[in-house]
Amino acid sequence: MDGSGSWDAIDWNQIEDPRPRRPGQAVKESMDDFLLEDEEVIAQGHGVILLNNREAGTLSVTNFRLLFVSQAKKCVIDLGTIPLTTIEKLNDDVKLQPLPHLSDKSRPRELLQVIGKDMRIIVFAFVPKTKQKNEVFDALRRYTKPANLKSLPQSRGAGEVSLSNDWWRLTRVNSSYSLCSTYPSELIVPRSISDEDLFQASTFRSGKRLPVISWCDPGSGAVLARSSQPMVGLMMNFRNNADEKLVCALSSRTTDDKGSPRKLYIIDARPRANALANGAKGGGSESSSNYARSEVLFLGIQNIHTMRDSLSRLRDYVDAHGSISSNGSPSAVSVVGDRRNRGSTWGGGNLNSMTSFSSTLGEWLNHIQNILVGASWIAAQIAEEAASVLVHCSDGWDRTTQLVALACLLLDPYYRTFSGFQALVEKDWLAFGHPFAERMGVPTVAENGGSQYELLRQPSLGNLSSSPGRNVLGASGPSSHASVQSQTSNNSSPILLQWLDCISQLLRLYPSAFQFSSKFLVDFLDSVLSCRFGNFLCNSEREREQSGATSSCRCMWSYLADLRASGGIFHEHYNPFYDPVKHNGALLPPAAALAPTLWPQFYLRWTCPIESQGGDLESQWHAMNKKYAEAMKAKDIAEWRAKDIKMKMESVKQDLQRERRASSTALATAQSAQRENAAIKKAIESIGCTIKFSTSENQEDRTEVLSCSLRRGTDARGQEDENGDFSVSISAIEDGLVSEAPGDHFCESLCPFRTREGCRWPDAPCAQLGSQFVGLKANFDAFDRLSIQDCYFGPE
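Analysis parameters
Residues numbered from 1 in each chain as written. Predicted model: local features only at pLDDT ≥ 70, side-chain atom pairs only at ≥ 80, totals over all residues. Heavy atoms only, no water. Helix = DSSP H or I, 4+ residues; strand = E, 2+ residues; numbered from the N terminus. Buried < 20%, exposed > 50% of the residue type's maximum accessible area, 1.4 Å probe, protein only. Areas by Shrake-Rupley, 256 points an atom, 1.4 Å probe, with all protein chains shown as cover. Phe/Tyr/Trp six-rings, centres within 6.5 Å; stacked < 30°, edge-to-face > 60°. Lys NZ or Arg CZ within 6 Å of the ring centre and 35° of its normal. Axes fitted to C-alpha atoms, helices over the stretch in contact; angles between N-to-C directions. Left-handed = near helix turned anticlockwise from the far one by under 90°. Contact = heavy atoms within 4.5 Å. Nonpolar A, V, L, I, M, F, W, Y, C, P; charged D, E, K, R; others polar. pLDDT = per-residue confidence, 0-100. Pairing = 2+ DSSP bridges. Salt bridge = Lys/Arg side-chain N within 4 Å of Asp/Glu carboxyl O. Core = buried A, V, L, I, M, F, W, Y, C linked by side-chain atoms within 4.5 Å. Expected span 1.5 Å × (residues − 1). Arc of directions from axis to C-beta. UniProt positions renumbered as here; feature names shortened; annotations may be inferred. Polar contact = N/O pair within 3.5 Å; in protein donor to acceptor, adjacent residues only side chain to side chain. Lys, Arg positive; Asp, Glu negative; His and termini not counted.

We now examine the overall build of the protein chain. Each helix and strand counted, the protein chain has 20 helices and 20 strands in total. By residue count, 49% of the 796 residues in the protein chain fall in the buried class. Summing over all exposed atoms, the protein chain offers an accessible surface of approximately 39,400 Å²; the carbon and sulfur share of this is 50%.

This part covers the packing of aromatic side chains. In total, this model carries 27 aromatic pairs according to the counting rule given. Geometrically, the ring pair formed by Phe516 and Phe520 is tilted, given 5.5 Å between the ring centres and 40 degrees between the ring planes. Overall, the relative accessible area of 1% leaves Phe520 in the buried class. Grouping aromatic residues by their ring pairs yields a cluster made of Phe418, Phe421, Trp429, Phe436, Trp499, Phe514, Phe516, Phe520, Phe524, Phe536, Trp557 and Tyr574. Its end group placed over the ring of Trp606, Arg120 keeps NZ or CZ at 3.8 Å from the ring centre. The side chain of Arg564 reaches across the aromatic face of Phe418, ending 4.0 Å from its centre.

Viewed as axis vectors pointing N to C, helix H9 (residues 418-431) and helix H12 (residues 518-530) meet at an angle of 35 degrees, and their least axial separation amounts to 13 Å. The chirality of how H9 crosses H12 is right-handed. Contacts between H9 and H12 pair Phe418, Phe421 and Val425 from the former with Phe520, Leu521 and Phe524 from the latter. In terms of residue class, the contact of H9 with H12 is made up of six nonpolar, no polar and no charged.

Per-residue confidence for the protein chain gives a mean pLDDT of 77; residues scoring 70 or more make up 68%. Confidence drops under pLDDT 50 across residues 154-162; counting only partners more than four residues distant or on other chains, this segment forms 23 contacts. Predicted confidence for residues 733-746 stays below pLDDT 50, and this span has 16 contacts to residues more than four positions away or in other chains.

An order of S10-S11-S14-S12-S13 is seen for the five strands of this open sheet, with the pairing classed as mixed. Only two strands of the sheet have a single neighbouring strand rather than two, namely strand S10 (212-216) and strand S13 (294-298). The sheet shows a mean angle of 25 degrees between the axes of neighbouring strands, taken without regard to direction. The pairing of strand S11 (residues 223-226) with strand S14 (residues 388-392) spans three bridges and is parallel. Looking at the pairing, Leu224 lines up with Val389 of S14.

Overall, the coordinates contain 28 salt bridges when judged by the stated rule. Between Lys263 and Glu295 there is a salt bridge, with the nearest N and O atoms lying 3.1 Å from each other. Here Lys263, found in the loop between helix H3 (241-249) and strand S12 (264-268), pairs with Glu295, found in strand S13; they are 32 residues apart in sequence, far enough to count as distant. Between Glu363 and Arg313 there is a salt bridge; the shortest N-O distance is 3.0 Å. Placement of the pair is Glu363 in helix H7 (residues 352-385) and Arg313 in helix H5 (residues 304-320), with a sequence separation of 50 residues. Glu363 gets classed as partly exposed once you look at its relative accessible area, which sits at 29%.

This part is about the nonpolar core. Formed by 87 residues in total, the largest nonpolar core has its most connected members in Phe421, Trp499 and Phe524. For this core, the element with the highest residue contribution is H7, accounting for ten residues. Non-local contacts of Phe524, meaning those with residues more than four positions away in its chain, are made with Phe421, Val425, Leu496, Leu500, Phe536, Met556, Trp557 and Leu560. If you look at the next biggest cluster of nonpolar residues, it comprises 24 residues, including Val48, Leu90, Phe137 and Ile324.

Time to look at unusual backbone geometry. For Asp38, which is not glycine, the phi torsion reads 70 degrees and is therefore positive. Overall, Asp38 belongs to the exposed group, its relative accessible area being 65%. For Lys74, which is not a glycine, the phi torsion comes out positive at approximately 55 degrees. One can find Lys74 in the loop between strand S3 (65-70) and strand S4 (82-83). Here Lys74 falls in the exposed class, since its relative accessible area comes to 57%.

Bringing helix H1 (residues 132-143) into the picture now. Across its twelve residues, H1 extends 17 Å between first and last C-alpha, which sits within 8% of the 16 Å expected from 1.5 Å per residue. Within H1, the full set of buried residues consists of Gln132, Lys133, Val136, Phe137, Ala139 and Leu140. Here the buried residues of H1 occupy an arc of 160 degrees about the axis, which is enough to place them on one side.

So, about the UniProt feature "active site" (unreviewed entry) in the protein chain. When the UniProt feature table is mapped onto this chain numbering, "active site" (unreviewed entry) sits at Cys393. Within the secondary structure, Cys393 is located in the loop between S14 and helix H8 (399-411). With a relative accessible area of 3%, Cys393 lands in the buried category. If near-sequence neighbours (up to four positions away) are discounted, Cys393 is found in contact with Ser227, Ser228, Gln229, Asp268, Ala269, Arg270, Asp398, Arg399 and Thr400.

The subject of this paragraph is the environment of Pro128. When you line up the elements, Pro128 lands in the loop between strand S7 (121-126) and H1. The sequence separation of Pro128 and Glu110 amounts to 18 residues, and the corresponding C-alpha distance is 5.9 Å.

What you see with strand S8 (residues 168-171) is no split at all: Trp168 and Leu170 on one side and Arg169 and Thr171 on the other are buried throughout. Of the strand pairs in this sheet, S8 and strand S9 (residues 187-190) are connected by four bridges, and their pairing is antiparallel. If you follow Thr171 over to S9, its bridge partner there is Leu187.

Further remarks concern the side chain of Ser206. Summarising the element assignment, Ser206 is placed in the loop between helix H2 (195-202) and S10. Given a relative accessible area of 14%, Ser206 falls into the buried group. Setting aside its immediate chain neighbours within four residues, Ser206 contacts Ser228, Gln229, Met231, Ser394 and Asp395.

Among all positions of H3, only Ala242, Asp243, Glu244, Leu246, Val247 and Ala249 are buried. As for H3, its buried residues are in contact with S8, S9, H2, S12 and S14. Two or three places before Ala242, at the opening of H3, Asn240 has a side-chain oxygen 3.0 Å from that residue's backbone nitrogen.

A word on the environment of Met556. For Met556, the position within the fold is in helix H15 (residues 556-567). Its relative accessible area of 0% is what places Met556 among the buried residues. Sequence separation between Met556 and Val528 is 28 residues; the distance between their C-alpha atoms is 8.2 Å. If we skip the residues at most four places from it in the chain, Met556 touches Phe524, Ser527, Val528, Phe533, Asn535 and Phe536.

In this section: the side chain of Glu543. Structurally, Glu543 is set in helix H13 (residues 541-547). No salt bridge is formed by the buried Glu543; the nearest opposite charge belongs to Arg544, separated by 7.0 Å. Engagement of the side chain of Glu543 in a polar contact is seen with the backbone nitrogen of Asn539, the distance being 2.9 Å.

Below, the structure is given as structure tokens:
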């Protein structure tokens, strides 16, 4: 594509056409290695190109996700793989605006755009003139729009809690959810308020969400409470004695000696104008004159619809100007879209897009800042003034949850740990009924047990986004299908994302105050959006119990804990800079420090993957730790090899020592034999004989020889020497030859070898008269007593 974003450069001939499948033939086709447990392939496309990174591969629709496997790398591509419930919109009629300097060859284009709730916009290109795109698109339309809760992939348990002191009590008046269907079964309320008062007070609040305590300062006794708006009406003149009694009880006690009531702040998260407008529907806000020592403040945080549209505009711009864009072109040369309205990027000399980006980014960050400032102000009043605070918005489950949960995180260091974060989410988001199903656009349980929302059955027609001027990939044309399929209702909104965004800002301000990292927050949000776990299905605790989601689905907390356990203390979910001693109290950031920046780990991870981790100290530490771990692994291998070599050297050394001992023994034996040989030689020479040792049996001299064979001794293993036998010759030398005639009378009278018993050496030739033995006097008995070992003379 020459880096230009033009579709004309794609060589479709390089992509193999899919083999035709027989009716009923399975579509898995070697995908088993990439599937999760119980995951099944429903539809599949081959030779599909992910336009964002121009990767070719196989696109599969499963019963859990849209799965893209690289054709070349044979691995799952994360950018092109997204859980079905994380898909916000589908568009099968994408028109790409050609670049002005390239000619349009009018090649057929089969495109499918997928817009995710996780800031992802991806486009797939299918082989032209095949049914693959229609099969994948139809499967996505069916399975991303489940008709009921049971169609979603299928825990959370709450233990018994007890609370008792002089000020507050735990009531189970809502155990059957008859007091408030969206509140938890157990509530913490002032001890002075009876259960009957609670029922009367609930009638004065929207959705019966009466004021109850979320957190209490153990030192001062100040409380952080939450509720929904009061039903004061258009003229703000309706009152309820039980409600006023309950609210005043939140500030009726102090820890000073005087026992005077503490200050009570009533925080309305909405803009004042919105609160007044709700009066026309029976709602509104409190009057400080009706509540003792109270003050009402408005934070000006916008509603869910404003937040949804703001995020949509931010997502569009980040996608259009990232290094990886759904239009297939890098930001530096991107001119896709309507140039008259949008202008080209800075590559074309027009910086209108920079102004647009500043406006879009500033709008989103302004929402984040408002939430941060409001929560910080609430925490400061409780920690520094020991005042009690009651927080509400319209219904008390969106902006109220954001503010209360964030204030708890600032006030209590326990909530900044893994176990504390889980407890905080369980308490303020799940137990107090944040409508996850509505905000994520998935089914839930109705009062009659059926499907409450049919929003997923009706396709949303129109543009790709609610933001005006949205046309990143060009104008949409007519199509047999609905051009845009929306998985969300008008009540969808990124409320949880904003809360996690605020925590990421605090992580940046206080890098050693949190046990968890920014990567943990990203994985937590991805797990929620995937709807893979039962913890975050439905809209309330009651609905989760009715649907059985808490018992039939896997627990997300266990999944995240297993991830951490797999990597030990160096897992990327751990904050390496965490110091619980340094931050063992409340975090009270000054207003000047609450200037948020874009959360790169989440917003830029798909479009700017390198930049999303570039300035993050945690990522740099984990990268260094990964290298360190690899170095330690190499060190362990080297140490093992060195140990093995050392053991082998010790073995060789022991062998050498054994050989040395054997050599010493052999040398000693040889020296002993040499000494014995010398003694034998000397003894024989003493009787007038010469001795000659030879390895040859042939005697060339003409001497009379007294000879015997001497066999070399064998070693300890019983093996004979390879040199064989050797001979020892003892010769009696005379002046002439020995007579061959039989012995005569001289032999009997003069032969020194002759005794009464006969010839001493019968086998030896007789000496003649005149030989060297004549007159020889030898002590033969002494010769016989010489110590000569038999081993030197073998058998004859």
